[in-house]
Amino acid sequence: MIWNPNKECMSRDEMHALQSRRLQKLVNYVYHNVPFYRNKMQEMDLSPEDIKSIDDIVKLPFTTKQDLRDNYPYGLQAAPPSEIVRVHASSGTTGNPTIVGYTRKDLAVWSEVMARCLTAYGITRNDTFSVSYGYGLFTGGLGAHYGVENLGATVIPTSTGNTEKHIRLIRDLKITGIACTPSYALYLAETLDKMGLTKDDISLRIGAFGAEPWTENMRKEIEERLGLKGYNLYGLSEIMGPGVSHECECQNGSHICEDHFYPEIINPETLEQLPYGTQGELVFTTLTKEGMPVLRYRTKDLCTLMDGVCDCGRTEVRMGRIMGRSDDMLIIRGINVFPSQVESVILECNEFEPQYMLIVDRVNNLDTLQVQVELRKDFFSADVGGMLALKKRLADKLKSVLSISADVRLMEPGSIERSQGKSKRVIDNRKL
Amino acid sequence: MTIKQLSIFLENKTGRINELTKILGKHGINMQAFSMAETSDFGILRLIVDDVERAVEVLRNESFAVMLTDVVHICCPNVAGSLSEILEHLAQNDIFIEYMYAFADGDKANVIIMPNDIEKCMAELKKCTCDINTL
Ligand SMILES: [Zn+2]
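Residues numbered from 1 in each chain as written. Chains lettered and ligands numbered in written order. Predicted model: local features only at pLDDT ≥ 70, side-chain atom pairs only at ≥ 80, totals over all residues. Heavy atoms only, no water.

Chemist: Please give an account of the sheet that holds strand β19 (residues 366–375) of chain A that cites residues and values.
Modeler: Residue and element names in this part refer to chain A. A sheet is described by the order of its strands in space; here 4 strands give the open sequence β20-β19-β18-β21, paired in mixed fashion. Pairing within the sheet leaves two strands with one partner each, and these edge strands are β20 (407–411) and β21 (426–428). Across this sheet, the average inter-strand angle for adjacent strands is 20°, counted without regard to direction. Inspection of the sheet shows strand β18 (residues 352–363) paired to β21 by 3 bridges, in the parallel sense. Paired with leucine 358 across the two strands is valine 426, which belongs to β21. Lying on the sheet, helix α11 (residues 384–402) is in contact with β18, β19 and β20; it crosses β20 at an angle near 135°. (Pairing = 2+ DSSP bridges. Helix = DSSP H or I, 4+ residues; strand = E, 2+ residues; numbered from the N terminus. Axes fitted to C-alpha atoms, helices over the stretch in contact; angles between N-to-C directions. Contact = heavy atoms within 4.5 Å.)

Chemist: If you had to explain the coordination of the zinc ion to someone new, which residues and values would you point to?
Modeler: Residue and element names in this part refer to chain A. In this structure, Cys248 (SG), His255 (NE2), Cys310 (SG) and Cys312 (SG) serve as the protein donors to the zinc ion, at separations of 2.1 to 2.2 Å. Relative to the metal, the 4 donor atoms surrounding the zinc ion lie at angles of 105 to 114°, and the coordination shape comes out tetrahedral. In primary sequence terms, the donor set of the zinc ion follows C-x6-H-x54-C-x1-C. Taken together, the residues cysteine 248 in the loop between β8 (241–246) and β9 (254–256) and cysteine 310 in the loop between β13 (305–306) and β14 (318–319) connect sequence positions 62 residues apart. Across this residue pair, the class does not change: cysteine 248 and cysteine 310 are buried. (Donors = N, O, S within 2.8 Å, 3.2 Å for Na, K, Ca; no water. Tetrahedral: all angles 85-135°; square planar, octahedral: opposite > 155°, others 65-115°. Buried < 20%, exposed > 50% of the residue type's maximum accessible area, 1.4 Å probe, protein only.)

Chemist: Can you break down the packing of helix α1 (residues 16–26) of chain B against helix α2 (residues 52–61) of chain B residue by residue, with the values?
Modeler: All names here are of chain B. Where α1 meets α2, the closest approach of the two axes is 10 Å, and the angle between their N-to-C directions is 125°. What the angle tells us is that α1 and α2 run oblique. Here the hand of the crossing between α1 and α2 comes out right-handed. Facing Leu20, Ile23 and Leu24 of α1, the residues of α2 in contact are Ala55, Val58 and Leu59. Classifying every residue of the contact of α1 with α2 by side-chain character gives 6 nonpolar, no polar and no charged. (Parallel < 35°, antiparallel > 145°, perpendicular 65-115°, else oblique. Left-handed = near helix turned anticlockwise from the far one by under 90°. Nonpolar A, V, L, I, M, F, W, Y, C, P; charged D, E, K, R; others polar.)

Chemist: Tell me about helix α8 (residues 182–194) of chain A, and name the residues and values.
Modeler: Residues and elements named next belong to chain A. With 13 residues, α8 should cover 18 Å at 1.5 Å per step; its first-to-last C-alpha distance of 19 Å lies within 8% of that length. Within α8, burial applies to Pro182, Ser183, Tyr184, Ala185, Leu186, Leu188, Ala189, Glu190, Thr191 and Leu192. Contact partners of the buried residues in α8: α7 (163–172), β5 (177–180), β6 (206–210), α9 (216–226) and β18. (Expected span 1.5 Å × (residues − 1).)

Chemist: An account of the domain arrangement of chain B is requested, with residue identities and associated values reported.
Modeler: All names here are of chain B. Per the domain assignment, the segments making up chain B are domain 1 (2–69) and domain 2 (71–127). Here the C-alpha centre of domain 2 lies 23 Å away from the C-alpha centre of domain 1. Taken together, the 11 residues of domain 1 in the interface contact 10 residues of domain 2. Summed over both partners, the interface of domain 1 with domain 2 buries about 850 Å², with 67% contributed by carbon and sulfur atoms. The largest per-residue losses of area from domain 1 upon contact with domain 2 belong to Thr2, Ile3 and Arg46, which jointly make up 47% of the total buried on that side. For the pair domain 1 and domain 2, the number of links is 0 salt bridges. The interface formed by domain 1 and domain 2 contains 3 residue pairs in polar contact (both at pLDDT 80 or more). For the side of domain 1 that touches domain 2, the secondary-structure elements that each account for two or more residues are β1 (3–11), β2 (31–38) and β3 (42–49). Its residues assigned to classes, the side of domain 1 that touches domain 2 shows 5 nonpolar, 5 polar and 1 charged. (Domains from an automatic or database assignment. Buried area = accessible area lost by both parts, 1.4 Å probe. Salt bridge = Lys/Arg side-chain N within 4 Å of Asp/Glu carboxyl O. Polar contact = N/O pair within 3.5 Å; in protein donor to acceptor, adjacent residues only side chain to side chain.)

Chemist: Summarise the nonpolar core; cite the residues concerned and give the values.
Modeler: All names here are of chain A. Within the largest apolar cluster, 64 residues are counted, with the highest numbers of intra-cluster contacts made by Leu23, Leu60, Ile239, Phe261, Phe284 and Met319. The greatest single-element share of this core, amounting to 9 residues, is contributed by helix α5 (residues 104–121). Sequence-distant contacts of isoleucine 239, defined by excluding residues within four places in its chain, comprise Val244, Phe261, Phe284, Thr286, Lys289, Val294 and Tyr297. Judged by nonpolar contacts, the second largest core, of 33 residues, contains Leu369, Leu394, Leu402 and Leu410. (Core = buried A, V, L, I, M, F, W, Y, C linked by side-chain atoms within 4.5 Å.)

Dropping the structure here:
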C-alpha cells in the first residue's frame, strides 16, 4: 500500500521541478532568517538568486553536528519563537545537546512521512501499534506516535521500561505492530522466553526498527523469535526524527521521502558530491522545514544511494544499508573498525547470544581490542578444549573480517547489560 | 554405573562462585565435591551434589549455563599407594584420564574420574581394590 502516491510515485521530472522550487524557497528563507547561513553564503560570495535548480545544491555550504552545537540552543532556528510548538533534543554524549524546534507545519509533515513509512510496512487503520521508542526529548517516541495516529491505527504508547508488562500488553491487547530499536526487539524476545511464552502466544506481525545500525542477521533473528516481519525505519533528529526513509515490501533499500528531505552522498574528505551507487557520507537538506531547516547536513552515516523505479511502484531514491557511522568508527592500530562488522560476525554464529561489547584499550602503545560475547546455554560444553576451540573459531572469523586480531572473551549468558534505547556497544579506554 | 556431574560455565569474575554456592545453599542442595578448570577468561566448575535434578533446575532459572556429564566415582582405602595402584592398572589398559579430583573422608578416599572410555574404565575398575559408587 502507498500512503501518498502523488508524491511517492511522482515522475522524476516532476520531482526534480518540485525539489528545485522548494530549494529556492528554502535558500531565500534561511538567508533572511538565519545569520549563520547568511554569513556562510556571503563568505562564499553566494546569493539566493544563484540557486536556480536542485542541481545548484552543490554550491551551498554544509552543516555539521558541531555547527548545531556551536549555535546552541536556538542559533539555527529560522522561525520566530511564537511559531515553535514543540522542541526535541538529541542526546549529546559530549558537549551541548542539539535543540530542534518544530512549527505546527513541521509536525504535520512529520506525521505525513511517518504515515508513509507505516503504510509501506503494511500497517493499516485496523492495526494496534505499540510505540516502544523512548518518549520525551528523543524524537523516536512522539515522532512515531503521531504517525500512527495520522494513519488511523490504534497507538499504544508503551515507551520503554517495564518489559514484562509490555509483553503482557502485547499479548492481551493483541498488538500487531511495534516500533522500537532492534536491540530492544531482541530484549523483548528474551523476556518473552523468560516468561515462558513463545511467538505463538502473541500476534505481532510487523516491526519498524531503527535509531541504531543493525544487520540482516539481526533482522532474521528478530523475525524468527518474535514471529513478525521487520522493516528498517531511518531518521535523525537533526533532520526530523524517524520517518526520513523507510523500506517497502521489496526491502531493496529504504525509500527517502525526497520531496521533504533531499539526499546526497559525498566523499567525506573532499566533500565532493558522488554519483548514485558510490558509498560515501549521507547528506540531507530539509526542503520544507520551517522551525530549524538545515542545508546539506552531514549525517556521518555511510551508505549508497540508488535510483530507478522500485517494484513497489515508488519512484523515490533509495538509500542502502548504513555501513557504519564515521563517528562510531573506531580506528584500531590504524584500521577502521565498525561495531556493525563485529555484530554481523557474532550473529552468524549460533553459539553466541546477539549481545556483545567491544573494549578498546592501549597497552604499551599498542591498541588492543577485546570482544566480549555471551555463550548460549545450549552450546556450553563441559570440555575446556571444546570451549577454547569455539573461542578460537570466533577470533579467526573476526580477524578475517576486521583485519586485526581481537581477544575474545566468553561471558555467561545474560551478563552483558541490555539496553532499552540505543545500546552502548563500545568502551574506548584509550587516552588519546 | 556412572554418576552425574554438573558442569557450569563461569566467567572469571570476583564473587561468582560465591553467588553460585549461595543459590545452592538457599535451596538446600549439598555439594559433595567440586573442582574448577580455569582459563584466562572463563572457568568450568565441576560439581557433585546430592540432588542433581533440582540443582540443574535452580541454576538454569538463575541463568547459569549448566550441563550434566557422566563421570566415575570410586571409593578406595585412604592409605598410601592405593590410588596409585588403581591408576597404574588403568594406564596399563590404555585408559586415559582427562581429569580427576579427589577428597579424603576418614579411612576412605573418594575419587571422581573422567576417563576417555567410560565403559572400559568401569570394567577395569572392577578388577581393582575399590568400590564404584552410584550415589
Ligand atoms: Zn519500494
